[in-house]
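Structural overview for review
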Amino acid sequence: MSIKFFRLWLLPILFLFTAVFFLLAQPAPSFARDLRVGVIDIQKAVSGTREWKKEFLSFKTNFNREKKLISRKEEQLKKMIENLNKQGMVLNPELKKKKEEEVLKKKREFERYVQDRNEELAKKEKEITNRILKKMADVIKKIGKEKDFTMILEKKVGLYFDNSIDLTALAIQAYNKK
(Lines give C-alpha, C1' and ligand atoms only; values in the text may rest on other atoms or scores of the structure.)
Protein backbone atom coordinates (compact mmCIF):
# COMPACT_ATOMS: atom_id res chain seq x y z
CA MET A 1 0.00 0.00 0.00
CA SER A 2 2.85 2.37 0.69
CA ILE A 3 4.25 1.85 -2.83
CA LYS A 4 0.83 2.62 -4.27
CA PHE A 5 0.64 5.77 -2.13
CA PHE A 6 4.09 6.79 -3.33
CA ARG A 7 3.20 6.26 -6.99
CA LEU A 8 -0.23 7.88 -6.84
CA TRP A 9 0.39 10.87 -4.55
CA LEU A 10 3.93 11.52 -3.62
CA LEU A 11 5.58 11.13 -7.03
CA PRO A 12 3.29 13.66 -8.79
CA ILE A 13 3.65 16.11 -5.89
CA LEU A 14 7.44 15.84 -5.98
CA PHE A 15 7.41 16.29 -9.73
CA LEU A 16 5.20 19.41 -9.38
CA PHE A 17 7.46 20.95 -6.72
CA THR A 18 10.55 20.25 -8.84
CA ALA A 19 8.96 21.83 -11.92
CA VAL A 20 7.87 24.93 -9.95
CA PHE A 21 11.35 25.24 -8.45
CA PHE A 22 13.01 25.20 -11.88
CA LEU A 23 10.52 27.69 -13.29
CA LEU A 24 11.06 30.09 -10.41
CA ALA A 25 14.82 29.67 -10.48
CA GLN A 26 15.04 30.98 -14.06
CA PRO A 27 16.55 34.45 -14.59
CA ALA A 28 14.07 37.33 -14.81
CA PRO A 29 12.54 37.76 -18.26
CA SER A 30 13.42 40.82 -20.35
CA PHE A 31 10.09 42.51 -19.70
CA ALA A 32 10.96 42.70 -16.01
CA ARG A 33 13.80 45.18 -16.55
CA ASP A 34 13.38 48.80 -15.51
CA LEU A 35 10.77 50.63 -17.51
CA ARG A 36 12.06 53.96 -18.91
CA VAL A 37 9.45 56.21 -20.45
CA GLY A 38 9.99 59.54 -22.15
CA VAL A 39 7.51 62.01 -23.57
CA ILE A 40 7.77 64.49 -26.41
CA ASP A 41 5.59 67.30 -27.71
CA ILE A 42 5.99 66.42 -31.37
CA GLN A 43 4.38 69.61 -32.67
CA LYS A 44 6.69 71.76 -30.56
CA ALA A 45 9.67 69.60 -31.53
CA VAL A 46 9.00 69.94 -35.26
CA SER A 47 8.26 73.67 -35.13
CA GLY A 48 11.36 74.24 -33.00
CA THR A 49 13.81 72.97 -35.60
CA ARG A 50 15.92 75.33 -37.69
CA GLU A 51 14.71 73.62 -40.86
CA TRP A 52 11.05 74.22 -39.96
CA LYS A 53 11.72 77.88 -39.14
CA LYS A 54 13.51 78.39 -42.45
CA GLU A 55 10.82 76.60 -44.45
CA PHE A 56 8.05 78.41 -42.58
CA LEU A 57 9.62 81.79 -43.31
CA SER A 58 9.72 80.94 -47.01
CA PHE A 59 6.17 79.62 -46.85
CA LYS A 60 4.96 82.75 -45.03
CA THR A 61 6.61 84.99 -47.66
CA ASN A 62 4.83 83.12 -50.45
CA PHE A 63 1.59 83.20 -48.49
CA ASN A 64 1.79 86.99 -48.00
CA ARG A 65 2.61 87.51 -51.67
CA GLU A 66 -0.39 85.40 -52.65
CA LYS A 67 -2.58 87.24 -50.14
CA LYS A 68 -1.68 90.60 -51.71
CA LEU A 69 -2.44 89.27 -55.18
CA ILE A 70 -5.81 87.98 -54.01
CA SER A 71 -6.59 91.34 -52.39
CA ARG A 72 -5.82 93.15 -55.67
CA LYS A 73 -8.05 90.79 -57.63
CA GLU A 74 -10.80 91.22 -55.04
CA GLU A 75 -10.57 95.01 -55.35
CA GLN A 76 -10.82 94.77 -59.14
CA LEU A 77 -13.91 92.59 -58.78
CA LYS A 78 -15.49 95.04 -56.31
CA LYS A 79 -14.85 97.92 -58.72
CA MET A 80 -16.49 95.96 -61.53
CA ILE A 81 -19.56 95.30 -59.36
CA GLU A 82 -19.64 98.94 -58.23
CA ASN A 83 -19.43 100.19 -61.85
CA LEU A 84 -22.19 97.79 -62.87
CA ASN A 85 -24.41 99.05 -60.05
CA LYS A 86 -23.78 102.69 -61.02
CA GLN A 87 -24.35 102.09 -64.72
CA GLY A 88 -27.17 99.60 -64.24
CA MET A 89 -29.93 102.23 -64.36
CA VAL A 90 -28.74 103.84 -67.58
CA LEU A 91 -27.66 100.76 -69.55
CA ASN A 92 -30.02 99.09 -71.95
CA PRO A 93 -31.21 95.65 -70.73
CA GLU A 94 -29.10 93.62 -73.18
CA LEU A 95 -25.87 95.39 -72.31
CA LYS A 96 -26.71 95.24 -68.60
CA LYS A 97 -27.30 91.49 -68.81
CA LYS A 98 -24.02 91.01 -70.70
CA LYS A 99 -22.08 93.00 -68.05
CA GLU A 100 -23.80 91.06 -65.22
CA GLU A 101 -22.75 87.77 -66.83
CA GLU A 102 -19.22 89.08 -67.21
CA VAL A 103 -19.10 90.09 -63.54
CA LEU A 104 -20.50 86.71 -62.43
CA LYS A 105 -17.92 84.94 -64.57
CA LYS A 106 -15.10 87.01 -63.05
CA LYS A 107 -16.50 86.34 -59.55
CA ARG A 108 -16.55 82.56 -60.14
CA GLU A 109 -13.00 82.69 -61.55
CA PHE A 110 -11.88 84.66 -58.52
CA GLU A 111 -13.50 82.19 -56.10
CA ARG A 112 -11.90 79.24 -57.93
CA TYR A 113 -8.56 81.00 -57.90
CA VAL A 114 -8.77 81.61 -54.13
CA GLN A 115 -9.84 78.02 -53.48
CA ASP A 116 -7.01 76.64 -55.65
CA ARG A 117 -4.42 78.81 -53.91
CA ASN A 118 -5.69 77.81 -50.46
CA GLU A 119 -5.51 74.13 -51.40
CA GLU A 120 -2.05 74.59 -52.91
CA LEU A 121 -0.74 76.39 -49.81
CA ALA A 122 -2.28 73.79 -47.47
CA LYS A 123 -0.68 71.01 -49.52
CA LYS A 124 2.72 72.73 -49.42
CA GLU A 125 2.49 73.22 -45.65
CA LYS A 126 1.56 69.56 -45.19
CA GLU A 127 4.48 68.42 -47.36
CA ILE A 128 6.95 70.52 -45.35
CA THR A 129 5.56 69.26 -42.04
CA ASN A 130 5.49 65.60 -43.10
CA ARG A 131 9.06 65.74 -44.40
CA ILE A 132 10.37 67.23 -41.15
CA LEU A 133 8.14 64.97 -39.06
CA LYS A 134 9.59 61.88 -40.73
CA LYS A 135 13.13 63.04 -39.97
CA MET A 136 12.10 63.91 -36.40
CA ALA A 137 10.70 60.40 -35.90
CA ASP A 138 14.09 58.97 -36.85
CA VAL A 139 15.80 61.33 -34.39
CA ILE A 140 13.39 60.28 -31.62
CA LYS A 141 14.03 56.59 -32.31
CA LYS A 142 17.77 57.22 -32.16
CA ILE A 143 17.41 59.05 -28.82
CA GLY A 144 15.31 56.16 -27.51
CA LYS A 145 17.96 53.61 -28.41
CA GLU A 146 20.92 55.69 -27.23
CA LYS A 147 19.33 56.64 -23.91
CA ASP A 148 17.85 53.15 -23.41
CA PHE A 149 14.19 54.20 -23.23
CA THR A 150 11.58 51.47 -23.23
CA MET A 151 9.15 53.81 -24.97
CA ILE A 152 8.69 57.45 -25.92
CA LEU A 153 5.13 58.73 -26.00
CA GLU A 154 3.49 61.80 -27.50
CA LYS A 155 2.91 64.25 -24.66
CA LYS A 156 -0.77 64.67 -25.61
CA VAL A 157 -1.43 60.99 -24.81
CA GLY A 158 -1.24 61.41 -21.04
CA LEU A 159 -2.74 63.72 -18.49
CA TYR A 160 0.38 64.24 -16.41
CA PHE A 161 4.09 63.79 -16.94
CA ASP A 162 7.00 64.94 -14.86
CA ASN A 163 9.10 67.48 -16.79
CA SER A 164 12.21 65.39 -16.18
CA ILE A 165 11.06 62.87 -18.81
CA ASP A 166 10.22 65.52 -21.45
CA LEU A 167 12.56 64.94 -24.39
CA THR A 168 11.29 67.76 -26.62
CA ALA A 169 14.29 70.07 -26.20
CA LEU A 170 16.71 67.16 -26.60
CA ALA A 171 14.97 66.10 -29.83
CA ILE A 172 15.15 69.64 -31.26
CA GLN A 173 18.82 69.87 -30.36
CA ALA A 174 19.60 66.46 -31.89
CA TYR A 175 17.62 67.31 -35.06
CA ASN A 176 19.44 70.60 -35.54
CA LYS A 177 22.81 68.80 -35.30
CA LYS A 178 21.90 66.58 -38.27
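Note: the structure precedes this text.
For the structure given in this document, a descriptive report is provided here. Given the structure is predicted, the values throughout are model-derived calculations rather than measurements. (Residues numbered from 1 in each chain as written. Predicted model: local features only at pLDDT ≥ 70, side-chain atom pairs only at ≥ 80, totals over all residues. Heavy atoms only, no water.)

Let us now look at the packing of aromatic side chains. In total, this model carries 2 aromatic pairs according to the counting rule given. Summarising the aromatic geometry, the rings of tryptophan 52 and phenylalanine 56 are spaced 5.7 Å apart at their centres and angled 20 degrees between planes, so their arrangement reads as stacked. Linking tryptophan 52 with phenylalanine 56, this pair stays in helix α3 (residues 50-87), spanning 4 residues, or about one helical turn. Tryptophan 52 sits in the buried class, given a relative accessible area of 14%. Three or more aromatic residues joined by ring pairs form one cluster here, namely Trp52, Phe56 and Phe59. Over the aromatic face of phenylalanine 149 sits the side chain of arginine 36, whose NZ or CZ is 4.3 Å from the ring centroid. One cation-aromatic arrangement involves lysine 73 over tyrosine 113; the distance from NZ or CZ to the ring centre is 4.0 Å. (Phe/Tyr/Trp six-rings, centres within 6.5 Å; stacked < 30°, edge-to-face > 60°. Helix = DSSP H or I, 4+ residues; strand = E, 2+ residues; numbered from the N terminus. Buried < 20%, exposed > 50% of the residue type's maximum accessible area, 1.4 Å probe, protein only. Lys NZ or Arg CZ within 6 Å of the ring centre and 35° of its normal.)

To continue, consider the pattern of salt bridges. On inspection of all chains with the given rule, the structure shows 7 salt bridges. With a closest N to O distance of 3.6 Å, arginine 117 and glutamate 66 form a salt bridge. Placement of the pair is arginine 117 in helix α4 (residues 93-146) and glutamate 66 in helix α3, with a sequence separation of 51 residues. The partner of glutamate 82 in a salt bridge is lysine 86, and the shortest N-O contact between them spans 3.6 Å. One end of the pair is glutamate 82 and the other is lysine 86, both in helix α3 and 4 residues apart, which spans about a single turn. For glutamate 82, a relative accessible area of 44% gives the class partly exposed. Take lysine 86: its relative accessible area is 59%, and that puts it in the exposed class. A single salt-bridge network, built from bridges that share partners, covers Glu51, Glu55, Arg131 and Lys135. (Salt bridge = Lys/Arg side-chain N within 4 Å of Asp/Glu carboxyl O.)

Let us now look at the packing of α4 against helix α5 (residues 168-177). With their axes 9 Å apart at the nearest point, α4 and α5 run at an angle of 110 degrees to one another. On the basis of their axis angle, the class for α4 and α5 is roughly perpendicular. When you trace α4 past α5, the crossing you get is right-handed. On α5, the residues that touch Ile132, Lys135, Met136, Val139, Ile140 and Ile143 of α4 are Leu170, Ala171, Ala174 and Tyr175. (Axes fitted to C-alpha atoms, helices over the stretch in contact; angles between N-to-C directions. Parallel < 35°, antiparallel > 145°, perpendicular 65-115°, else oblique. Left-handed = near helix turned anticlockwise from the far one by under 90°. Contact = heavy atoms within 4.5 Å.)

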